[in-house]
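Reading the structure
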Amino acid sequence: MTRVTYCPSNADADRKWWEAVLPANKGLVVDWVTAMNNTALRLMDVPKTERTIISGAFADLVAVAAASYIADECVSRANTPDGWSREFEIIAPVAESSRFSNICEMLADAMQFVSGDKYSIRTTMRSTGVSLEVGLPKTEQCDAICLFSGGVDSLAGAIHLLDEGKKVCLVSHYADPLTMSIHDALRTRLEELYPGQVDYRPCFVRRTRGNKKQTFPLPDKVDNTHRVRSVLFVALAAIHADLYDVNRIYMPENGIIGLNIPLDSSRAGALSTRTSHPFLITKLCDIISSLAGRDTIVINPFLVQSKIEIVSSLPRTIYQLLGDTHSCAKYDMICWTGQTSIRHCGY
């Protein structure tokens, strides 16, 4: 089992405290707050005068999801008995007043379902919890939060909402500059087509380059399946839903991917992505609703549609944007080879 925790604030970067949490240094400390951090976690790209601080249960949710995402890369699946399933214990330092403790079991179930790994989450109480900077709301009104991955499905989901006249907050996650550039190009076109309706929120979460001077060095990256990334993505959307006080989060994904239909026996269970599986979406609805204290709906508007049907539903005037999308999870590995003109793996 791998134990994982994180630094909630600079004041908590005291090694004695962490050694008490992780005896004999057996575990991972994900650190985005000290000067020599091992992780980048940025939820805004605006000047300090245009930022606000969010703390409490939704900040805790993002912190646990981010720590799990980073830890996921540090532990090999190859060394497990079945060649896939690992075991993680997440130790979450939270403020005493946080409601996060109420959803630990639900969140562990969600991450276990989506990843095929075993998760347990326990909290350790602190006088203060996580505080995260986010950009101030750009408009007085927001009608919906929409996950924005830069793929065809997320672009189509955003366009349908914008065509209805809604003001939409597009939340993206990126871990490399190439993905960011694709998101930014699509966002720019949408802002031109739907002036005053788009609030774009790029969120940068990734491990930083290894350095011997880091307060808490991480092992080398050994896994790139990133199954728990979907939980991080929705957590980033949830903190912005809380910021805008809206209770609808759209997670556009075609039904073939959403229903996790295995193409053969080797792709059963979590071996195929469960990013937007109805069971996961139900779990995420329960988690966010519990933290918000009201019903919050996570919606996949394309659950019973194929990608062809999704594209066919778009106005023909939008087709020119499709060439700027990318829908391939292997894109970062393609870019690593220097083939930056290729936008998908061909499958």
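In the block above lies the structure referred to throughout.
We now turn to the structure provided with this report. (Residues numbered from 1 in each chain as written. Predicted model: local features only at pLDDT ≥ 70, side-chain atom pairs only at ≥ 80, totals over all residues. Heavy atoms only, no water.)

Details of the packing of aromatic side chains
Note the threshold: A pair of Phe, Tyr and Trp rings is counted when the ring centres sit within 6.5 Å of each other, with Trp represented by its six-membered ring. The angle between the planes then sorts it: under 30 degrees is stacked, over 60 is edge-to-face, the rest tilted. Strands are runs of DSSP state E lasting at least two residues, helices are runs of H or I lasting at least four, and both sets are numbered from the N terminus onward. A 1.4 Å probe rolled over the protein chains alone gives each residue an accessible area, and that area as a share of the maximum for its type sets the label: buried under 20%, exposed over 50%, partly exposed in between.
Inspection of the entire model under this criterion finds five aromatic pairs. Taking the centre distance of 5.6 Å and the plane angle of 15° together, the rings of Tyr 6 and Trp 32 count as stacked. Highlighted residues: Tyr 6 in strand β1 (residues 2-6) and Trp 32 in the loop between β2 (28-30) and β3 (39-42), separated in sequence by 26 residues. Pair check on accessibility: Tyr 6 and Trp 32 agree, each one buried.

Notes on the nonpolar core
Short version of the rule: What makes a nonpolar core is a set of buried Ala, Val, Leu, Ile, Met, Phe, Trp, Tyr and Cys residues whose side-chain atoms join them at distances within 4.5 Å. Note on contacts: a residue pair qualifies if any of its non-hydrogen atoms lie within 4.5 Å across the two residues.
If you look at the biggest cluster of nonpolar residues, it comprises 72 residues, and the most contacted ones within it are Tyr 6, Phe 100, Leu 107 and Ile 145. Element by element, the count of residues in this core is highest for helix α2 (residues 57-74), at 14 residues. Aside from chain neighbours lying at most four places away, what touches Phe 100 is Ala 57, Asp 60, Leu 61, Val 64, Ala 92, Val 94, Leu 107, Ile 121, Thr 123 and Leu 291. Counting residues in each nonpolar core, the second largest holds 26 residues, with Phe 148, Ile 159, Leu 170 and Ile 182 among its members.

Structural notes on the sheet that holds strand β5 (residues 87-95)
Put simply, the rule is: Here, any two strands with at least 2 DSSP bridges between them count as paired. Geometry is summarised by axes, namely lines fitted to C-alpha atoms with helices restricted to the contacting stretch, and by angles between N-to-C directions that run from 0 to 180 degrees.
Ordered by their spatial adjacency, four strands build an open sheet running β2-β1-β5-β6, and the pairing between neighbours is parallel. Each edge of the open sheet is held by one strand with a lone partner, namely β2 and β6 (118-126). In this sheet, adjacent strand axes meet at a mean angle of 25° when their direction is disregarded. Relative to β2, β1 runs parallel, the two being bridged by three bridges. Residue Tyr 6 lies in a different strand from β2, and its bridge partner there is Val 30. This element, α2, spans β1, β2, β5 and β6 of the sheet and lies at about 150° to β5.

A short note on the packing of helix α3 (residues 104-115) against helix α8 (residues 278-292)
Quick note on the threshold: Angle categories: roughly parallel below 35 degrees, roughly antiparallel above 145, roughly perpendicular from 65 to 115, and oblique for all the rest. Left-handed describes a crossing whose near helix is turned anticlockwise from the far helix through less than a right angle; right-handed describes the clockwise counterpart. Each residue is assigned to one class: nonpolar for Ala, Val, Leu, Ile, Met, Phe, Trp, Tyr, Cys and Pro, charged for Asp, Glu, Lys and Arg, and polar for all the others, Gly among them.
As a packed pair, α3 and α8 sit with axes 10 Å apart at the nearest point and diverge in direction by 155°. In terms of their interaxial angle, α3 and α8 are classed as roughly antiparallel. Seen from above, α3 lies across α8 with left-handed handedness. Contacts from Met 106, Leu 107, Asp 109, Ala 110, Phe 113 and Val 114 of α3 reach α8 at Phe 279, Leu 280, Lys 283, Asp 286, Ile 287 and Ser 290. For the contact of α3 with α8, the residue count by class is eight nonpolar, one polar and three charged.

With respect to the pattern of salt bridges
Should the charged atoms of two oppositely charged side chains come close, the side chains can pair. Heads up, the rule is: Any Lys or Arg side-chain nitrogen found within 4 Å of a carboxyl oxygen on Asp or Glu counts as a salt bridge.
Following the criterion strictly, the structure yields 19 salt bridges and no others. A salt bridge links Asp 153 to Lys 307; its shortest N-O distance comes to 2.9 Å. Placement of Asp 153 in helix α4 (residues 152-163) and of Lys 307 in helix α9 (residues 307-312) is noted, with a sequence separation of 154 residues between them. When its relative accessible area of 4% is taken as the criterion, Asp 153 is described as buried. Across the pair Asp 184 and Arg 187 runs a salt bridge, and its minimum N-O distance is 2.2 Å. In this pair, Asp 184 and Arg 187 both sit in helix α5 (residues 177-193), three residues apart, roughly one turn of the helix. With relative accessibility at 30%, the residue Asp 184 sits in the partly exposed group. Shared partners join several salt bridges into a network, and the residues in it are Asp 72, Arg 77, Arg 86, Asp 117 and Asp 223.

Considering a nonpolar patch on the surface
Threshold: The residues that make up patches have over 30% relative accessible area and no salt bridge, and they are joined within 9 Å when like-charged or within 5 Å when they are Val, Leu, Ile, Met, Phe, Trp or Tyr. Methods summary: accessible areas were calculated by the Shrake-Rupley approach with a probe of 1.4 Å, and residue burial reflects only the protein chains presented.
A surface patch of nonpolar side chains, about 260 Å² in accessible area, is lined by Ile 256, Leu 259 and Ile 261. Its relative accessible area of 45% is what places Ile 261 among the partly exposed residues.

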